[in-house]
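# Working through the structure, step by step
Next come the chains, spelled out residue by residue.
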Amino acid sequence: MSEAESLVRVDRLVKHFPINRGIVVQRQVGAVQAVDDISFAIARGETLGLVGESGCGKTTAGRVILGLYPATAGTIAIDKHNVRTAKGQELMSIRRKAQMIFQDPYASLNPRWTVSAIVGEPLRVHKLFKNDKERTERVKELMALVGLSSRLVNRFPHEFSGGQRQRIGIARALASEPLFIVCDEPISALDVSIQAQVVNLLEDLQERLNLTYLFIAHDLSMVRHICTRVAVMYLGVIVELAERNELYENARHPYTQSLLSAVPVPDPKTARSRKRQVLQGDVPSPINPPNGCRFHTRCPVAVERCSQERPVWRDLGGNHWVACYLA
Amino acid sequence: MHDTPLLQVTDLRTRFHTPEGTVYAVNGISYTLYEGETLAVVGESGCGKSVSMMSILGLIPIPPGEIAGGTAIYRGKDLLKLSESELEHVRGKEIAMVFQDPMTSLNPVLTIGKQITESLQKHTGMNLEDATRRATELLDWVGISDAHSRLCNYPHQFSGGMRQRVMIAMQLACTPTVLIADEPTTALDVTIQAQIMELVIRLREQVGMAMIWITHNLGVVAGLAERVIVMYAGYIVEEASVDELYENPRHPYTMALLASLPRVDRRRDRRLKSIPGAPPNLQVEPHGCPFAPRCELAIERCWSDNPPLDLVLPRHKIACWVDIETGGPR
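This text gives an overview of the structure that appears in the document. (Residues numbered from 1 in each chain as written. Chains lettered and ligands numbered in written order. Predicted model: local features only at pLDDT ≥ 70, side-chain atom pairs only at ≥ 80, totals over all residues.)

This paragraph deals with the overall build of chain B. Of regular secondary structure, chain B possesses 12 helices and 12 strands. Rg of the C-alpha trace for chain B: 21 Å, near the compact-globule value of 20 Å for 330 residues, within the 12% margin. Its C-alpha atoms give chain B principal-axis dimensions of roughly 65 × 50 × 40 Å. Put simply, chain B has 330 residues, and 45% of those count as buried. Taking all contacts inside chain B whose residues are at least 6 apart in sequence as the whole, residues at least 24 apart take part in 64%. (Helix = DSSP H or I, 4+ residues; strand = E, 2+ residues; numbered from the N terminus. Rg over C-alpha atoms; globule rule 2.2 N^0.38 Å. Buried ≥ 20, exposed ≤ 12 C-beta atoms within 10 Å, placed from the backbone. Contact = placed C-beta atoms within 7 Å.)

Bringing the interface of chain A and chain B into the picture now. Counting from both sides, the interface comprises 36 residues of chain A and, opposite them, 37 residues of chain B. Those elements that provide at least two residues to the side of chain A that touches chain B are helix 6 (192-209), helix 7 (220-226), helix 8 (244-249), helix 9 (254-262) and helix 10 (268-273) of chain A. A total of seven residues in the side of chain A that touches chain B trace back to one element, the largest contributor, which is helix 6 of chain A. Counted by class, the side of chain A that touches chain B contains 18 nonpolar, 12 polar and six charged residues. (Nonpolar A, V, L, I, M, F, W, Y, C, P; charged D, E, K, R; others polar.)

All names here are of chain B. Sheet architecture is open: eight strands sit in the order 6-7-8-3-9-10-12-11, paired in mixed fashion. This sheet does not close on itself; its edge strands, each paired only once, are strand 6 (95-98) and strand 11 (310-313). The average undirected angle you get between the axes of adjacent strands in this sheet is 20°. Relative to strand 7 (residues 178-182), strand 6 is paired through four bridges, and the arrangement is parallel. Residue pairing in the sheet places Val98 in a bridge with Ala181 of strand 7. Docked against the sheet, helix 1 (residues 49-56) engages strand 3 (38-42), strand 7, strand 8 (210-215) and strand 9 (227-232), running at close to 140° with respect to strand 8. Where helix 7 (residues 160-172) meets the sheet, it contacts strand 6 and strand 7, and its direction lies at approximately 175° from that of strand 6. (Pairing = 2+ DSSP bridges. Axes fitted to C-alpha atoms, helices over the stretch in contact; angles between N-to-C directions.)

The subject of this paragraph is the environment of Glu238 of chain B. Its place among the elements puts Glu238 of chain B in strand 10 (residues 235-241). Setting aside its immediate chain neighbours within four residues, Glu238 of chain B contacts Val230, Leu245, Pro249, Arg250, His251, Thr254, Lys317 and Ile318 of chain B.

A few words on helix 4 (residues 112-124) of chain B. All names here are of chain B. Taking 1.5 Å per residue as the helical rise, helix 4 with its 13 residues ought to reach 18 Å, and the 18 Å between its terminal C-alpha atoms agrees with that figure. Those residues of helix 4 that fall on the buried side of the exposure criterion are Ile112, Gly113, Ile116, Thr117 and Leu120. Along helix 4, the residues classed as buried sweep out an arc of 110° about the axis, all on the same side. Where helix 4 is buried, its residues touch helix 5 (128-141), helix 6 (147-150) and helix 7. Directly beyond the C-terminal end of helix 4, a positive phi value near 70° is found at Gly125. (Expected span 1.5 Å × (residues − 1). Arc of directions from axis to C-beta.)

The linkage connecting Ile62 of chain B with the following residue, Pro63 of chain B, adopts the cis geometry, with an omega of -20°. Along the polypeptide, Pro63 of chain B turns up in the loop between helix 1 and strand 4 (65-74). Each neighbour pair has its own omega, and for Pro63 of chain B with Pro64 of chain B the value is 10°, a cis peptide bond. Turning to its location among the elements, Pro64 of chain B is positioned in the loop between helix 1 and strand 4. Residues other than glycine seldom take positive phi values, yet Glu177 of chain A does so here, at roughly 55°.

Residues and elements named next belong to chain A. Across the sheet, which stays open at both edges, the eight strands sit in the order 6-7-8-3-9-10-12-11 with mixed pairing between neighbours. The sheet terminates laterally at strand 6 (98-101) and strand 11 (314-315), the two strands that pair on one side only. When strand 7 (residues 180-184) meets strand 8 (residues 212-217), the two strands line up parallel, connected through five bridges. Within the sheet, the bridge partner assigned to Asp184 lies in strand 8 and is Ile216. Strands in contact with helix 5 (residues 162-174) are strand 6 and strand 7; relative to strand 6, the strand with the most contacts, it is inclined by about 175°. This element, helix 9, spans strand 9 (229-234) and strand 10 (237-243) of the sheet and lies at about 105° to strand 9.

A few words now on helix 1 (residues 58-65) of chain A. Residue and element names in this part refer to chain A. Counting buried residues along helix 1, seven of its eight residues qualify, which places the element largely inside the surrounding structure. Of the residues making up helix 1, those classed as buried are Lys58, Thr59, Thr60, Ala61, Gly62, Val64 and Ile65. Just downstream of helix 1, Gly67 is the residue with a positive phi angle, here 80°.

Shape is all these values report; function is a separate question.
Below you can see the structure in the form of structure tokens.
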């Protein structure tokens, strides 16, 4: 991918959360290595999927990219602005261009605010209207865009169902006319019959507004459906990154392979004939992650070298990136 | 095929009387569980799948709950008419239950060992020494390494997957004839979910128990169940063998649900088919087919009469007025 095409570039991004001890004199005794040296780029209009199990650092990565948490090291660029050094006007401009949709539509909307106040807040912050009439018009327009009736603008979040609340969250994210949206598990709190509605809405909006998404999720079936390329994270590192069909049909990292084989398929015949590669044990703690390849403690094919050296992030050809000696 | 009925539920109705009005949670469901089979109960949140199971085990708080009718015959006894002490004997010993969240179903201030041995002593009358030995065996059996020393650990020292293993070990300690599993893998990651499912399949064969698996995940069902019940708004809308249900779904809700799922093993070929609207409000007394407002095929009758669960093919029941092949009345 050439420099010009990519809207978001993340280079050697690190995020460690310090662990402090002591009440009067605080000293750092360790760090949760939530994100440890990840790099990728997202092209304009593309959806990059970021998948992994809970605690792998995918949500932290999404938040650090938007500058919600300060990064420990590395660079982040959104539309050629450096997120880590931006201040004042430049920071406001990044905040306007990059938005977020949260996982829990119950916790991410202020229960004391009306929908009109929630969706109108980014308009106020970024001074995107001249008078109240214009603001009300814009809120109604946004409601219509996400498929909600504009009659509902004076209601409170508790009067809506989960799917409707997620639409309000999407309308709020769209209010500042962003280029890039981090979707952090936007459908995992929703019922099965509602998930497809929200996914289709996100796709329609992407097409109409030429949006770029970072789609963070653990539902690998949905990620294959919605994303153009997919990155797989394990314990703070990206282990594999490829175009979606390449990744799902030709996974090269042992972790990706077992993750894919563990996903249940809604078809009894396939479910019986499919070979499952069940991983043993649990994910190690990110406070003291294994040396070398972080997956070597659970890897079914690990060799000695895997526990000593961290595998290099390399391109196998055709933009299929992997961090594994044996791939 | 399993054909000795073990549990026969008929016309079960459960309601909750809340300050906001009556919630019609389960509205007259009937089904049979056969010995040794695995039955899956599928539906979205609020469809009554958990409440229907808790009702037959006497786990519904009354009030605000009310079992408004029905019978649940288990080995000649109606579970809905048993006294609390008789039920306590059935629960845990004959019918065991595993819940979704293993953190809240274990007591955080007691060690794992204490919690397992306590239930063993209560149900089997073992002394502490035997119970401890048996507890070690049980943990080992469900794949927890270094079982003996882990008995002294507290629940927070176990991961989610291990806590679920502990729960399963406790529930299977008395070799029950039925295990009711209420979304036991929903809170877990896919690789851990795969571990637990593999464990349950192994234990099911060893114990020879029947199983009711409650879930919203149609993928999990496909790999585990022999027969499936689909619930919507407190009603059973379809019942069939697992192969039949996925290959030849006949109820518009089941069909729409299956069509709305993307597949991990297939390339994308179209947009997802979404079901419009949202599940109904259960505070309104049911009138007509509960799925009619979201149904593409609804005909006039669907709005006035609620369809009964009818046998339409051998071992395949649906509650629908419409013939999905012609679109006309059935």
